[in-house]
Amino acid sequence: KLVSKKWKVKPTSIDLGDNVFIKEGEMAVITGPCSIETEEQIRAVVAHCIENDIKMMRGGVFKPRSSPYAFRGLGLDGLKLWHEIASEAGIKIVTEVMQTSQIEEMYPYVDVYQVGARNSQNFNLLDELGKVDKAVMIKRGISGTIEELLQSAEYVFSGGNEKLILCERGIRTYERASRNTLDLNAIPILKAKSHLPVIVDPSHGIGIRAYVPQMALAGVMAGADGIIYESHEVPEKAYSDGQQTLDFAQSARLASWIRESFEMR
Ligand code: PEP
Ligand code: MN
């Protein structure tokens with residue numbers, strides 16, 4: 001397989017421009033709300049990122065929701081507004097693409113296309129992202145195996161797009177005490193099998209705000225190349241996933257802990 005270490009030994013480095021990288025040997029910190037909500041909210045998160053030297057911001061404008069009646073995102077207009085504010089601040093945008101028709105319209109405004117857990121095996125979407133000259137982060141499927149995640153990456157890579165990032169975000173197990181079960185095992189295994197960078201999402205991985213920091217740090221120690229977690233000025237008021245979202249004080253602390261832990265690794 002092309003994403004295998006047997007094919008390429010040298011770790012893949014993702015260059016997002018302006019000296020921002022996702023790669024082995026660095027620790028990418030990516031934070032932001034589950035959903036992009038308002039201009040005021042975008043400005044607050046961007047300011048938080050600047051204050052804490054965080055160069056990549058996450059957020060959804062097309063949201064995959066379990067209920068059709070839940071908030072489904074601001075769409076392309078929200079992305080344009082976000083891009084205007086973030087690019088001025090030199091902050092890179094990580095956001096989910098839900099279907100093939102969105103790839104082109106989103107293109108000028110994204111730095112990393114996120115493929116969500118629910119679309120992890122949407123092979124048409126993966127095929128189309130293989131033709132794009134922009135980074136793609138693939139999240140592990142809700143009940144996806146490590147091998148299936150690598151196969152999904154293979155779709156994009158073999159299509160010609162080698163700017164790929166893998167993301168462990170927790171899987172569904174019999175355990176209901178947490179939203180998902182963050183599979184820490186996947187991190188060293190993915191790092192051993194593939195040359196692609198591996199990012200960990202502790203927010204969706206455990207789904208409980210109070211335990212996000214320790215799972216993030218566990219991810220760092222397990223060998224992750226970056227952490228992506230949800231933050232919001234007032235998590236209780238977030239349109240989605242507030243229960244697993246850190247406030248800015250918690251986020252600032254976690255960002256520095258992540259960097260310190262990485263230095264110690
Ligand atoms: C998200 O990142 O907000 C998200 C919907 O993640 P996942 O696809 O992992 O559920
Ligand atoms: Mn979310």
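Data block above holds the structure.
Source: prediction; values computed, not measured.

### Some words on the overall build of the chain
- A count of helical and extended segments in the chain gives nine helices and 10 strands.
- For a compact globule of 265 residues, the expected C-alpha radius of gyration is about 18 Å, and the chain comes in at 17 Å, within 12% of that figure.
- In terms of principal-axis extent, the alpha carbons of the chain reach across some 45 × 40 × 40 Å.
- For the chain, buried positions account for 51% of its 265 residues.
- Excluding contacts between residues fewer than 6 apart, the proportion of contacts in the chain whose partners are at least 24 apart in sequence is 69%.

### A short note on unusual backbone geometry
- Phi at Asp53 is positive, roughly 55°, even though this residue is not glycine.
- Inspection of the secondary structure assignment puts Asp53 in the loop between helix H1 (39-51) and strand S4 (56-58).

### Things to note about the pairing of strand S1 (residues 14-17)
- Across three bridges, S1 lies against strand S2 (residues 20-22) in antiparallel orientation. The partner of Gly17 across the bridge, within S2, is Val20.
- Hairpin connection of S1 to S2: two residues between the antiparallel strands, including Asp18 at a positive phi of 55°.

### Some details on the packing of H1 against helix H2 (residues 75-88)
- Packing of H1 against H2 leaves a shortest axis separation of 10 Å and a crossing angle of 30°. When the axis of H1 is compared with that of H2, the two are roughly parallel. Crossing of H1 against H2: the hand is right-handed. Residues Glu39, Ile42, Arg43 and Val46 of H1 pack against Leu81, Trp82, Ile85 and Ala86 of H2.
- Looking at the contact of H1 with H2, its residues break down into six nonpolar, no polar and two charged.

### Points about the site of ligand 1
- Taken together, Cys34, Gly60, Pro64, Gly116, Ala117, Arg118, Lys139, Arg169 and His204 form the complete shell of residues around ligand 1.
- Taken together, the residues that form the shell around ligand 1 break down as three nonpolar, three polar and three charged.

### Quick word on the pairing of strand S6 (residues 112-115)
- Alternating positions in S6 separate into two faces, Val112 and Gln114 on one and Tyr113 and Val115 on the other, with burial throughout.
- The pairing of strand S5 (residues 92-96) with S6 spans three bridges and is parallel. The residue of S6 that forms the bridge with Thr95 is Tyr113.
- In the classification by handedness, the crossover that spans S5, the intervening helix H3 (residues 100-106) and the parallel S6 is right-handed.

### Focus on helix H9 (residues 248-264)
- Here H9 spans 24 Å end to end across 17 residues, near enough to the 24 Å set by a 1.5 Å rise per residue.
- Three or more residues of H9 are buried, namely Phe248, Ser251, Leu254, Ala255, Ile258 and Phe262. End-on, the buried residues of H9 take up no more than an arc of 115°, which puts them together on one face. Of the exposed residues in H9, those oriented more than 90 degrees away from the buried face are Ala249, Glu263 and Met264.

### Some details on the environment of Ile206
- The topology assignment puts Ile206 in helix H7 (residues 202-206).
- Ile206 sits 188 residues away from Asp18 along the chain, and the two C-alpha atoms are 33 Å apart.
- Sequence-distant contacts of Ile206, defined by excluding residues within four places in its chain, comprise Gly170, Ser178, Arg179, Leu182, Tyr211, Val212 and Met215.

### As for the packing of helix H8 (residues 212-221) against H9
- At a closest axis distance of 9 Å, the pairing of H8 and H9 adopts a crossing angle of 25°. Classed by the angle they form, the pair H8 and H9 counts as roughly parallel. The crossing of H8 and H9 is right-handed. Each of Pro213, Ala216, Leu217, Val220 and Met221 in H8 lies in contact with H9, whose residues at this interface are Leu254, Trp257, Ile258, Ser261 and Phe262.

Rules of the game
- Residues numbered from 1 in each chain as written.
- Chains lettered and ligands numbered in written order.
- Predicted model: local features only at pLDDT ≥ 70, side-chain atom pairs only at ≥ 80, totals over all residues.
- Helix = DSSP H or I, 4+ residues; strand = E, 2+ residues; numbered from the N terminus.
- Rg over C-alpha atoms; globule rule 2.2 N^0.38 Å.
- Buried ≥ 20, exposed ≤ 12 C-beta atoms within 10 Å, placed from the backbone.
- Contact = placed C-beta atoms within 7 Å.
- Pairing = 2+ DSSP bridges.
- Axes fitted to C-alpha atoms, helices over the stretch in contact; angles between N-to-C directions.
- Parallel < 35°, antiparallel > 145°, perpendicular 65-115°, else oblique.
- Left-handed = near helix turned anticlockwise from the far one by under 90°.
- Nonpolar A, V, L, I, M, F, W, Y, C, P; charged D, E, K, R; others polar.
- Near = placed C-beta within 6 Å.
- Right-handed = clockwise from strand over helix to strand, strands pointing away.
- Expected span 1.5 Å × (residues − 1).
- Arc of directions from axis to C-beta.

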